[in-house]
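# Coordinate inspection notes
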Amino acid sequence: MRVLFAGAPGLGHLFPLVPLARAMREVGHEVAVASMDGGEGVAASGLPYLPIAPGVDWRKEIRDAGRTRRPDLMQRVVESNSADREAFVPLAAHVNSRVADETVELAAQWRPDLVVYEYQFPVALLAATRLGVPAVQHDLGFARTPKLRALMLAEMADTFARHGIDRLPDPADTIDLAPPSMAGDERYGSSMRPVAYNGEGDVPAELAAPAHRPRVAVTLGTVPPKTDGLTRIERVIAAAADIDAEFVLATGDLDLGTLGSLPDNVRPYGWVPWRALLSTCAAAIHHGGSSTALGALDAGIPQLVLPDGSDRFITAAAVHERGAGLSATAEEITPALLHRLLTDEALTGAAREVSTEIAAMPSPTAMAEHLTTLAHPTP
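The structure displayed is predicted, hence computed values, not measured ones. (Residues numbered from 1 in each chain as written. Predicted model: local features only at pLDDT ≥ 70, side-chain atom pairs only at ≥ 80, totals over all residues. Heavy atoms only, no water.)

This next bit is on the environment of Gly295. Mapping Gly295 onto the fold places it in helix 13 (residues 290–299). A C-alpha to C-alpha distance of 6.2 Å links Gly295 and Ala196, two positions 99 residues apart in sequence. Discounting chain neighbours no more than four positions away, the residues touching Gly295 are Arg275 and Leu278. (Helix = DSSP H or I, 4+ residues; strand = E, 2+ residues; numbered from the N terminus. Contact = heavy atoms within 4.5 Å.)

In structure tokens, the structure reads:
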């Protein structure tokens, strides 16, 4: 069987697809991942990468759609830093429409038996419908997506009509990575255990073993630091100087040169495999990326979420409401807050409960076997 995975061109959109894609390959299926410019990094996972509409820029197209077609939505997106998802996803739908022909053509050439797509890339559902094969939506974390999908599909009605389709069918299934106790009242689809994929590479030798004092992993993800500056990490570093713990800055290629000398207990490491680092840590501090938060929950450690936009407020709320961590603004970052993160036994207890829950969720391999029955149902 041939399985095409597709998603918007961002690591936070494509990396969560990797564990299932690898599981499908391990049980004998041929897989590939398709995305637009900016998605090439997923090829480091060893999965074949198929480019869609080279030269078309996802973010530029969203800005153009907001300026020329839906300025009302764009104003809401700008004011909320994309946290207003009901305004953002219709603009993302315009990018899907922009690459519809290329996506349908790519799928027709590759001839998948099954399409798996993340929810912001429903043009893959269109391609699957044109081919007459099932499509499965792969959600990314804590956002509840049925209403968001409906908004996107409504915005794409003209594109579907152009391809001879009055109304797209619902996906054959929806994969939900949210631990059941954190999915709220809106449960749907099939649960799958969130297995971390954070890129290839090993943890530096000096971080491979637990520290002699509590260690805290700190990251702001791949997008927020580039758009929002260093304010939050500056405040974390200032507060960390007063805490008897070791803080590891897993900040990728972010330039920290403007911060000057760091406290002795704060060490920058650039790119570090996040989930592997968490296994040596007592707590985590991050921006609210769903995969980042799920990694900390899987590790069973409390987390401080510093959301700034997009769906990261949804992640922060889910973690806070479950009692597995804290949520704060930049102005609320203090030594007292970091001390509570490391010492509040209720936070640690809830995080460990969710870790146990995650371990009991169906594995990507089990999901791969389920998806095989969707593409080749038993007579």
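All right, on to empty space enclosed by the protein then. Scanning the model with the defined rule gives one cavity of 30 Å³ or more in all. Considered as a void within the structure, the largest cavity measures approximately 40 Å³ in volume. The wall of the largest cavity is formed by Leu4, Ala6, Ala34, Ile52, Thr103, Leu106, Ala107, Val115, Ala124 and Ala127. Looking at the lining of the largest cavity, the elements that each hand over two or more residues are strand 1 (2–6), helix 6 (100–110) and helix 7 (123–131). The greatest single-element share of the lining of the largest cavity, amounting to three residues, is contributed by helix 6. Residue composition of the lining of the largest cavity, by class: nine nonpolar, one polar and no charged. (1 Å grid on protein atoms, 1.4 Å probe; cavity = no way out; pocket = protein on both sides within 12 Å on 5 of 7 lines; lining within 4 Å. Points joined across faces, edges and corners; volume = space filled by probe spheres on them. Nonpolar A, V, L, I, M, F, W, Y, C, P; charged D, E, K, R; others polar.)

So, about the sheet that holds strand 1. Within the open sheet, the seven strands sit side by side as 3-2-1-4-5-6-7. Their pairing is parallel. Across the chains shown, the open sheet's two edge strands, defined by having one partner strand only, are strand 3 (49–51) and strand 7 (190–191). The pairing of strand 1 with strand 2 (residues 30–35) spans five bridges and is parallel. Among the inter-strand pairings, Leu4 is bridged to a residue of strand 2, identified as Ala32. Sheet contacts for helix 7: strand 1, strand 4 (114–118) and strand 5 (135–138); angle to strand 4, the most-contacted strand, approximately 165 degrees. (Pairing = 2+ DSSP bridges. Axes fitted to C-alpha atoms, helices over the stretch in contact; angles between N-to-C directions.)

With that settled, consider the sheet that holds strand 8 (residues 215–218). Spatial ordering of the open sheet is given by 10-9-8-11-12-13, a layout of six strands whose pairing is parallel. A single partner strand is all that each edge strand has here, and the edge strands are strand 10 (266–268) and strand 13 (325–327). Taken pair by pair, the neighbouring strands of this sheet meet at an average axis angle of 20 degrees, ignoring direction.

Moving on: the nonpolar core. Leu4, Met36, Ile52, Trp58, Phe121 and Leu126 are the most contacted members of the largest nonpolar core, which has 49 residues in total. Beyond its immediate chain neighbours, meaning those up to four positions away, Leu126 contacts Ala100, Val104, Thr159, Phe160, His163, Ile165 and Leu168. Among the nonpolar cores identified, the runner-up in size contains 44 residues, and Val3, Leu20, Val33 and Ala178 belong to it. (Core = buried A, V, L, I, M, F, W, Y, C linked by side-chain atoms within 4.5 Å. Buried < 20%, exposed > 50% of the residue type's maximum accessible area, 1.4 Å probe, protein only.)

The side-chain alternation of strand 11 (residues 283–286) yields two buried faces, one formed by Ala283 and Ile285 and the other by Ala284 and His286. Two elements, strand 8 and strand 11, share three bridges in a ladder whose sense is parallel. The residue bridging Val218 from the neighbouring strand is Ile285, located in strand 11. Bridge count for strand 11 against strand 12 (residues 303–305) is three bridges, and the pairing is parallel. For Ala284, the partnering residue across the bridge sits in strand 12 and is Gln303.

With that settled, the discussion passes to the pairing of strand 1. Of all five residues in strand 1, four are buried; the element is thus mostly enclosed. The pairing of strand 1 with strand 4 spans four bridges and is parallel. Bridged to Ala6 within strand 4 is Tyr117.

Two elements in contact, helix 4 (residues 71–80) and helix 5 (residues 85–98), have axes whose closest approach is 8 Å; the angle formed by their N-to-C orientations is 125 degrees. Here helix 4 lies oblique to helix 5, going by the angle between them. Once helix 4 is placed against helix 5, the crossing between them reads as left-handed. Seen from helix 4, the contacting residues are Leu73, Met74, Arg76 and Val77; seen from helix 5, they are Glu86, Ala87, Phe88, Pro90 and Leu91. Its residues assigned to classes, the contact of helix 4 with helix 5 shows seven nonpolar, no polar and two charged. (Parallel < 35°, antiparallel > 145°, perpendicular 65-115°, else oblique. Left-handed = near helix turned anticlockwise from the far one by under 90°.)

This part is about the packing of aromatic side chains. Across all of its chains, the model carries one aromatic pair by this definition. A ring pair is formed by Phe15 and Tyr197, whose centres lie 4.8 Å apart and whose planes are at 75 degrees; its orientation type is edge-to-face. One end of the pair, Phe15, is in the loop between helix 1 (11–14) and helix 2 (18–26); the other, Tyr197, is in the loop between strand 7 and strand 8, and 182 residues separate them in sequence. For the pair Phe15 and Tyr197, a shared accessibility class is recorded, and that class is buried. For the cation-ring pair, Arg2 lies above Trp110, with the distance from its terminal atom to the ring centre recorded as 4.1 Å. (Phe/Tyr/Trp six-rings, centres within 6.5 Å; stacked < 30°, edge-to-face > 60°. Lys NZ or Arg CZ within 6 Å of the ring centre and 35° of its normal.)

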